[in-house]
Amino acid sequence: NPGFIQYAPEVEALNNGGFVITFSGSAVENGFANHDIGMRVFTSNGPAGLEGIISDASSHNPGSSSITRLNDGRYVVAWTANQDTTNVVARIFNA
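Bear in mind that the values here come from a model prediction, so they are computed numbers and not experimental data. (Residues numbered from 1 in each chain as written. Predicted model: local features only at pLDDT ≥ 70, side-chain atom pairs only at ≥ 80, totals over all residues. Heavy atoms only, no water.)

Before we go on, may I ask you to explain the sheet that holds strand β8 (residues 88-93) in this structure?
For sheets, the rule is that strands pair by backbone hydrogen bonds, running either parallel or antiparallel. Taking strand neighbours across the sheet as the criterion, the three strands line up as β6-β7-β8 in an open arrangement whose pairing is antiparallel. Looking along the sheet, the strands with just one partner apiece sit at the ends: β6 (65-69) and β8. The sheet shows a mean angle of 20° between the axes of neighbouring strands, taken without regard to direction. Where strand β7 (residues 75-80) meets β8, six bridges bridge the pair, whose relative direction is antiparallel. By the bridge assignment, Thr 80 is partnered in β8 with Val 88. (Pairing = 2+ DSSP bridges. Helix = DSSP H or I, 4+ residues; strand = E, 2+ residues; numbered from the N terminus. Axes fitted to C-alpha atoms, helices over the stretch in contact; angles between N-to-C directions.)

Laid out in structure tokens, this is it:
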């Protein structure tokens, strides 16, 4: 996405042979910096769908993300909201 800068990638292997990448991203819109957490899933054959933003409005200016694969094949992505290490947000995804 032009104008969208991605940084701080995290990668986790999935049980199905694929992997997931999360990243922090920022863009300037209407003179204000907008920060988000993005994600993209890959199968052993390549990208599985489009890159997407997973943070929401309650995580304004989120910190870096981390990924953990769960025993049942799903994975959890966590990040700090407002770059405050005491406020953690997490979402669980199916692989």
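Read on, since the account is not over.
Honestly, the nonpolar core in this entry has me stumped. Any pointers?
Looking at soluble globular proteins, one finds that nonpolar side chains tend to be buried together. Val 20, Met 39, Ile 54, Tyr 75 and Val 77 are the most contacted members of the largest nonpolar core, which totals 13 residues. Broken down by secondary-structure element, the contributors of at least two residues to this core are β3 (32-43), β7 and β8. Setting aside anything within four residues of it in sequence, one finds Ile 54 in contact with Ile 37, Gly 38, Met 39, Val 77, Trp 79, Arg 91 and Phe 93. (Core = buried A, V, L, I, M, F, W, Y, C linked by side-chain atoms within 4.5 Å. Buried < 20%, exposed > 50% of the residue type's maximum accessible area, 1.4 Å probe, protein only. Contact = heavy atoms within 4.5 Å.)

Which parts of the structure should I look at to understand the pattern of salt bridges?
Any two side chains of opposite charge can pair, given that their charged atoms come close. Using the criterion set out here, one finds one salt bridge in the structure. Residue Arg 74 is joined to Asp 72 by a salt bridge in which the shortest nitrogen-to-oxygen separation is 2.8 Å. (Salt bridge = Lys/Arg side-chain N within 4 Å of Asp/Glu carboxyl O.)

What is the right way to read the packing of aromatic side chains from this model?
A ring pair, where both rings are aromatic, is described by two values, the distance of the centres and the angle of the planes. The full count for this structure, using the stated rule, is two aromatic pairs. When the ring of Phe 19 is compared with that of Phe 42, the centres are 4.8 Å apart and the planes differ by 10°; the resulting orientation is stacked. One end of the pair, Phe 19, is in strand β2 (residues 19-29); the other, Phe 42, is in strand β3, with 23 residues separating them in the sequence. Overall, Phe 42 belongs to the buried group, its relative accessible area being 19%. Relative to Phe 93, the ring of Tyr 75 has its centre 5.5 Å away and its plane inclined at 20°; by these criteria the two rings are stacked. A residue pair is termed long-range when its members are at least 10 positions apart, and Tyr 75 in strand β7 and Phe 93 in strand β8 qualify at 18 residues. Each member of the pair, Tyr 75 as well as Phe 93, is classed as buried. (Phe/Tyr/Trp six-rings, centres within 6.5 Å; stacked < 30°, edge-to-face > 60°.)

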